[in-house]
Structures are given as structure tokens and as C-alpha cells.
Amino acid sequence: MKSIAIILLLLGIFHSYSHAQSVSQLNLDFSQRGINTKLPQNWLIDGAPYDFVLDSVGDNQTFSKSVSIQAKPGAGLSTIGDISSYVIAYPLRGHKITFSGIIRTDSVTNGYATLYIYDYASDSSVGKQINYDGRASGTQNFTKVSVTMDVDQNSDYIIIGGMLRGNGKAWFGGFTLECDGKPLNETETYVIDPKIIDWMNQKEIPLADRISDTMYKSLNLDYFNPYRYIALGENTHGSSEEFIAKGEMVKSLILHNRVQVIAFEKGVAEGDLIDKSLQNNGLGLKEVWGKYSSSPWDNSEILNFLKWVADYNSKASANEKVHFVGIDIQKDELATTRLVNYATATSNKILLSKLLRLRKLQKESHDYMFSQGFRYLKKSMAKEYIQASKEVLDKTIGITDSNWVSEYGTMLNQSAIYWSFSDYMSSWQYRDMCMATNLAETSRKFNSGKAVIWAHNGHIANKKNAMGSFLRARFGDSMAIVGVTTDEGSFNTIMRYTYENKIKEQAVRFTPTNIQSYEYILSKSKKQNFILPLKEININDSTKWLNQVRLFRETTTVTDAQFQPYNLGKAFDYVVFIKRTSPSNDFEIH
């Protein structure tokens, strides 16, 4: 099967307090069409050699919509295409659940179509035992299939889905989910105790009802004083209010908490040029930010914040100035170009020849991946790419006349390895591990000041294999992790892009908060926007929901499955909640 994290999906959480925006998480009949794609809302698809379509094809009796999965060239017995969803498990533990549906197949060869179900525990004590039944192959009319499972007492969430292994085409529809022989009723199953809302209203730290770029003047963030590292997340890379709120928090931390480093989810070389502008009265900042901040960062909200930093630096003493650093490894063109320029200027012919070879392989590798829809490199191509980067690294080690040269050599080697992984989750883990390592190097470079890490929730969270877990292991209690989320609104996202240039970006709506999510609880606050401190909370009857796995909103690029299973109390020390957001604003360089 595939990695569990790639089956990501959404869910919700509760009943007593009705929510105007709340919808059924399950959407078993596919009646709720996805906002951003032509697929059903709350369902996730996976499988590169397959096409997925929401069809008006049913059995003319029990259902009218189905999702078809059709094999493309390259599919076979070793490949899988599937559509899946999550169900939060804690109220279902010890119960018997049955997932049913109707499957139709056309020319399914070298494989089969089936339904599956399995439960999973975050600590890996449960999981990966897949239950499935009713394999369909060849060409068959609609046939009902059911699969049953006893939910483990330690299960955190359940994954249900339909999959096509091999060639041909299959339709899936008419889904139902039963608990102990009765249809699962979400509003009766996921009930919220009113005491939770009362407790939250007592503990939350209010933010202004209107998020604005002057909010920092009234912010008191003294509770961050004990921390040297403060990781600030975001649940999407395209929300105006989230960007502004984060910028205002960082302004306050600069003014009152001695923060002197902003470590950004951005390329190492790009970060150096941006920092150079910030140290030089913001000279050329708009042009530099526009050129080296491809979507999702090329927006006026972050640019205005950086202008404020440049103005602050112009008045600050040398040991008070704020520095900007990039810690990410995805972008390698600028680092390569700057090293080529260095090797040319210093007549380092050996290094130059190694760099020119690496640059050629970079382009060939990235062009291949994008042409294949982000399918992975051939083993021979990956091996050559990594070897070329290692040779460049070997030639930069020991160069001391420019302290960034060996740093760039290290990053280029990291980047080559990252792009060469043959599965998504391994590359994600490696990237996050490298970002944590690069941040540690940054902390040595600027050892006198506190640092803010600006990145996505999925990176900064203290979750297995995420950057936050590596940073927590390294920095312990000297670090605070702050998740950021929202209830409703819209955001900007990349619809499609290439390695070099953004192709299309557009505003899309958040999937409505559903009844199994943390956001459903947070939205019951009397306040519009607030910070909820989790770190000092003692888990009791009123707060144990913070340490039960539920859904938490997380999206980057377009998807109609905008939630993932989280244990909020373990993932974050604080959560910033913003009631409503709007898309970030692009700016014109000229």
C-alpha cells in the first residue's frame, strides 16, 4: 500500500454547539463537489499512472455519482490508484465498523479493484493491517462490496477507500459506513462537552478582532521570553490575515523579546540576497523579493513586513540588527549561479568545471521530473546527479575567503539527494531534517540572538519526521512551536507550476470546517482571533481533547482534502486561531 500520510484527508468533530459552516466529513455519496477540483469534497486521490474523474455514473437505483479510476500507460500490478478518506477513531474504539460500496470494472487486467479499511495509531501500535474484500476484475457490472473491521482500542484514525491495482478502469460509488450495524451518525458520535468551550474562553489570549499591520503596537508576547527559538507556522501559504498576524507577532518579538534572526522556508542563497537588502536600508528590497520569492511568498503582506524590518535595521545598532536567512533546499539555481560566478572570479577552474556539469544535470533532472508530473528520477539519473553535487561539495570544503561557498556546496548536495528520492515521504523527511540542520548552522552564525522560524505548520509541528520534531530533539524546551489555523475564508494557491516559473495561481475557498476537527471547537470561542496556550496546560477532563487525535486544517497546493490527523497538544505549544482569512495580495515589481 502507500504511505499513510499520502492518503491525507479530512474530518471534523462535534454536536452540541451547531455550526453554520459545518458539513458532514464523510460525503459518502459524493454530493459535495470539491471546490478546487472536479472531485468530491473531503476525498483524496493518489496514484501517478491513473486518471480520476467524478462521473455521473451510477446503478440507477441507489446512487447517481461515482469516482472513476482509469489506468494510464505505465500502470500494472505494482501500481495503485485510490480515493480515500479519514474517520477519527476515538469514539469508535472497540466497535465493529463496516464500509460498503458498489464497484464496476472495465477491462481490469493484471490486477483488481476493491474497497479497503484500516485503523492507525499515531504511536504505530496499530496500523498497516489492511482489510479488504470483494476483489473485482475483468469487466463486471455494478457489484456491492463490504469490508468489516473491529476498531482497536488504541486506534487514532481510520482510513477508508477504494483502489484499483493494475490496468483498466473502475468506478466506485454508493459508499456507506456503519457502526455496530447502524449507519454512522456523526453528530451523535462526535459530541463536544460545553465545559470545553468554557475552559477555552478562560485560557485564550485575545488578538485584535481586525488583523492589521499596526497590531504589533498593542501585542504583549512576554510569554515567549523564555524561548530562544520560536517556530511560527501557517496552515496554508496564501492567507493575507495569517501572513499579517505572523508579521505583527515577529515585529513585537523583535521590539520586546530580542529576536534577531528570521529563518525562512526559503532557499539559502535567496535568503542571503534578501538579508543584504535588509542590512542596507532596504535597497532594492521589492525587486529582490519579487525576483527571488516565487509563489507563495511573492505577496505584499510579507514584503510590507520586510520593509518594516529594513526600517528598523536602519535605526538599530550593529548588535541589534535583524538578519534574514533561508534554510530550505528545494531551490538550487541561484546557489549554483553564485558559485559559478565565484569560481570564475577566482579562476578556480576545477570547481567551475564541476559546477557547470552539476548545472547541466540539475536542469536535465528537473525537466524530467516536471515532464513526468513529478514522478521520480531514473536511478541512473539520480546517481549521476548526486555524484556531481558531491564533487562540488568536496571542492568547496575548506574555502574560507568567502564563508558562504562551502555552505552553498552543502546545500547543493542536500538538494540533489532530496530530488533523487523515489518516494514522497522519504524526500519530505529528508528535506525537513536538512532544514533543521541548516537552522542549527544559522544559530551558530548568529549566536547572540533569538530566532523566529517562519514555515508551514506541516514543517514546524512536533510530528514524526517533521522539522519540528528534529528541532525539538535538538533545542528542547528552549523552543516554542506555534501553529496557526483558521475557520473559514479563502487563500491563494498554486494551481500548476514548473521548476523555473509560476504558471498559475488563484484564490480558492477553504473547505468548510467539519464536525471532527479542532477548528470546529476553536470556532466556538467568544473571540474572533486569539492565541491558545497549550504548553502549560495540565490535561484533565476539560482539556483531554487536546491530546486526542482529531483533524487539523492543513493545505498547501490545491486539494479538496484540507485536513490531516493531528494530536494538537503534542504538535504545538501554542495555537493562533484566526476566524476568517482572505487571499494574500500580489504586488507589481514595476
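Here the structure is a predicted model, which is why all the values come from computation and not from measurement.

*Asks:* Looking at this structure, how should I read the overall build of the protein?
*Replies:* When its secondary structure is counted, the protein shows 15 helices and 20 strands. By the burial criterion, 57% of the 590 residues in the protein qualify as buried. By sequence separation, contacts in the protein at least 24 residues apart represent 78% of the contacts at least 6 residues apart. Total accessible area on the protein is roughly 24,000 Å²; 47% of this is exposed by carbon and sulfur atoms.

*Asks:* Explanation requested: the environment of Asn 567 in the structure shown.
*Replies:* Tracing the backbone through its elements, the reader meets Asn 567 in the loop between strand S19 (563-566) and helix H15 (568-571). Under the relative-accessibility criterion, Asn 567 is labelled buried at 15%. The sequence separation of Asn 567 and Asn 547 amounts to 20 residues, and the corresponding C-alpha distance is 5.5 Å. Those residues in contact with Asn 567 that sit more than four places away from it in its chain are Tyr 518, Leu 546, Asn 547 and Val 549.

*Asks:* I keep staring at the pattern of salt bridges and nothing clicks. Help me out?
*Replies:* It is possible for side chains of opposite charge to pair when their charged atoms get near one another. Applying the stated criterion across every chain yields a total of 19 salt bridges. The salt bridge involving Glu 204 is made with Lys 527; its shortest N-O contact spans 3.2 Å. Of this pair, Glu 204 sits in the loop between helix H2 (194-203) and strand S10 (205-206) while Lys 527 sits in the loop between helix H14 (518-522) and strand S17 (529-533), placing them 323 residues apart in sequence. Of the residues examined, Glu 204 reaches a relative accessible area of 6% and is grouped as buried. Between Glu 488 and Arg 580 there is a salt bridge, and its shortest N-O distance comes to 3.5 Å. Linking Glu 488 in strand S15 (residues 479-497) with Arg 580 in strand S20 (residues 574-581), this pair joins segments that are 92 residues apart in sequence. Linked through salt bridges whose partners overlap, the residues forming this network are Lys 354, Arg 357, Glu 384 and Glu 391.

*Asks:* Looking at this structure, how should I read the environment of Pro 296?
*Replies:* With respect to the helices and strands, Pro 296 occurs in the loop between helix H5 (285-292) and helix H6 (300-315). The class for Pro 296 is buried, based on a relative accessible area of 15%. A C-alpha to C-alpha distance of 9.4 Å links Pro 296 and Asp 586, two positions 290 residues apart in sequence.

*Asks:* What should I look at first to understand the environment of Ile 417 in this one?
*Replies:* Considering the arrangement of structural elements, one finds Ile 417 in helix H10 (residues 404-419). Along the backbone, Ile 417 and Ser 427 are 10 residues apart, and their C-alpha atoms lie at a distance of 8.3 Å. Beyond its immediate chain neighbours, meaning those up to four positions away, Ile 417 contacts Ile 386 and Tyr 430.

*Asks:* Looking at this structure, how should I read the packing of aromatic side chains?
*Replies:* We describe a pair of aromatic rings using the distance from one ring centre to the other and the angle between the two ring planes. In total, this model carries 33 aromatic pairs according to the counting rule given. Between Phe 30 and Trp 43, the ring centres sit 5.6 Å apart and the planes meet at 90 degrees, which makes this aromatic pair edge-to-face. Separated by 13 residues along the polypeptide, Phe 30 in the segment before strand S1 (44-46) and Trp 43 in the segment before S1 bring together distant segments of the chain. Under the relative-accessibility criterion, Phe 30 is labelled buried at 0%. Here Tyr 227 and Tyr 574 contribute two aromatic rings whose centre-to-centre distance is 6.5 Å and whose plane-to-plane angle is 80 degrees, an arrangement assigned as edge-to-face. With Tyr 227 in the loop between S10 and strand S11 (229-232) and Tyr 574 in strand S20, this residue pair connects regions lying 347 residues apart in the sequence. In this pair, the class of Tyr 227 matches that of Tyr 574, namely buried. What links up through ring pairs into an aromatic cluster is the set Trp 199, Tyr 518, Trp 545, Phe 552, Tyr 566 and Phe 572.

*Asks:* Hey, could you run me through the side chain of Ser 212 in this one?
*Replies:* Mapped onto the elements of the fold, Ser 212 is located in the loop between S10 and S11. Overall, Ser 212 belongs to the buried group, its relative accessible area being 14%. Other than its neighbours up to four places away in sequence, Ser 212 contacts Ile 244 and Glu 248.

*Asks:* What is the right way to read the packing of helix H4 (residues 268-278) against H5 from this model?
*Replies:* Two quantities define a packed helix pair, namely the angle between the axes and the distance from one axis to the other. Put simply, H4 and H5 touch, their axes get as near as 9 Å, and they point 170 degrees apart. With respect to their mutual orientation, H4 and H5 come out roughly antiparallel. Contacts between H4 and H5 involve Glu 270, Leu 273, Ile 274, Ser 277 and Leu 278 from the first element and Leu 285, Val 288, Trp 289 and Tyr 292 from the second. Classifying every residue of the contact of H4 with H5 by side-chain character gives seven nonpolar, one polar and one charged.

*Asks:* What's the story with the layout of surface pockets in this structure? I'm lost.
*Replies:* Empty pockets left among the atoms are what a rolling probe the size of a water molecule brings to light. Estimated volume of the second largest pocket: approximately 450 Å³. When residues of the lining of the second largest pocket are traced back to their parent elements, those giving at least two are H4, strand S13 (323-328), H10 and helix H11 (424-445). When residues in the lining of the second largest pocket are grouped by element, the largest group, five residues, is from H4. Counted by class, the lining of the second largest pocket contains eight nonpolar, five polar and seven charged residues.

*Asks:* Help me understand the nonpolar core, please; the structure alone is not making it clear to me.
*Replies:* A general tendency of soluble globular proteins is for nonpolar side chains to be buried together. The biggest cluster of nonpolar side chains holds 77 residues, and the ones touching the most others in it are Phe 224, Trp 289 and Leu 306. Look past the residues within four positions of Phe 224 in its chain and what remains in contact with it is Ile 230, Met 249, Leu 253, Asn 257, Lys 450, Ala 480, Val 482 and Tyr 574. Core analysis: the second largest hydrophobic core is formed by 51 residues, Leu 54, Ile 80, Ile 83 and Phe 563 among them.

*Asks:* Help me understand helix H8 (residues 349-371) in this model?
*Replies:* In an α-helix, one full turn covers 3.6 residues, which means residues spaced three or four apart are oriented alike. Here H8 contains 23 residues, and its C-alpha end-to-end distance of 33 Å stays within 8% of the 33 Å for a straight helix at 1.5 Å per residue. For H8, the full list of buried residues reads Leu 351, Leu 355, Leu 358, Leu 361, Gln 362, Ser 365, His 366, Met 369 and Phe 370.

*Asks:* Quick question: what am I supposed to make of the pairing of strand S3 (residues 66-71) here?
*Replies:* Each regular strand shows side chains that alternate between the opposite faces of the sheet. In the sheet, strand S2 (residues 50-55) pairs with S3 via six bridges, with the strands oriented antiparallel. Of the residues in S3, the one forming a bridge with Leu 54 is Val 67. Direction of pairing for S3 relative to strand S8 (residues 169-179): antiparallel, over a ladder of five bridges. Within S8, the residue paired with Ser 68 across the bridge is Trp 171.

*Asks:* Whenever I open this one, the confidence of the model for the protein confuses me. Can you help?
*Replies:* Do not read the predicted coordinates in detail wherever pLDDT is low. Summarising the model, the protein shows a mean pLDDT of 86, and 88% of its residues fall at 70 or more. No element of the protein has a lower mean pLDDT than strand S16 (residues 502-509), which averages 68, and none a higher one than H6, which averages 97. Contacts from residues 1-22, a stretch scored under 50 in pLDDT, to residues over four places away or in other chains number 114 contacts. Of the regions scoring below 50 in pLDDT, residues 497-503 engages in 20 contacts with residues more than four places distant in sequence or in other chains.

*Asks:* So what exactly am I meant to see when it comes to helix H7 (residues 333-345) here?
*Replies:* Spanning 13 residues, H7 covers 18 Å between terminal C-alpha atoms, matching the ideal 18 Å at 1.5 Å per step. Of all the positions in H7, only Leu 334, Ala 335, Thr 336, Leu 339, Val 340, Tyr 342 and Ala 343 are classed as buried. If you follow the buried residues of H7, they end up packed against H4, H5, H8 and H10. Within two residues after H7, Ser 347 carries a phi angle of roughly 55 degrees, on the positive side.

*Asks:* How should I be thinking about unusual backbone geometry in this particular structure?
*Replies:* A negative phi angle characterises most non-glycine residues, just as the trans form characterises most peptide bonds. Although it is not a glycine, Asn 27 sits at a positive phi angle of roughly 50 degrees. Backbone geometry places Ser 107, a non-glycine residue, at a positive phi of 55 degrees. Within the fold, Ser 107 resides in strand S5 (residues 96-120).

Criteria and thresholds
Residues numbered from 1 in each chain as written. Predicted model: local features only at pLDDT ≥ 70, side-chain atom pairs only at ≥ 80, totals over all residues. Heavy atoms only, no water. Helix = DSSP H or I, 4+ residues; strand = E, 2+ residues; numbered from the N terminus. Buried < 20%, exposed > 50% of the residue type's maximum accessible area, 1.4 Å probe, protein only. Contact = heavy atoms within 4.5 Å. Areas by Shrake-Rupley, 256 points an atom, 1.4 Å probe, with all protein chains shown as cover. Salt bridge = Lys/Arg side-chain N within 4 Å of Asp/Glu carboxyl O. Phe/Tyr/Trp six-rings, centres within 6.5 Å; stacked < 30°, edge-to-face > 60°. Axes fitted to C-alpha atoms, helices over the stretch in contact; angles between N-to-C directions. Parallel < 35°, antiparallel > 145°, perpendicular 65-115°, else oblique. Nonpolar A, V, L, I, M, F, W, Y, C, P; charged D, E, K, R; others polar. 1 Å grid on protein atoms, 1.4 Å probe; cavity = no way out; pocket = protein on both sides within 12 Å on 5 of 7 lines; lining within 4 Å. Points joined across faces, edges and corners; volume = space filled by probe spheres on them. Core = buried A, V, L, I, M, F, W, Y, C linked by side-chain atoms within 4.5 Å. Expected span 1.5 Å × (residues − 1). Pairing = 2+ DSSP bridges. pLDDT = per-residue confidence, 0-100.

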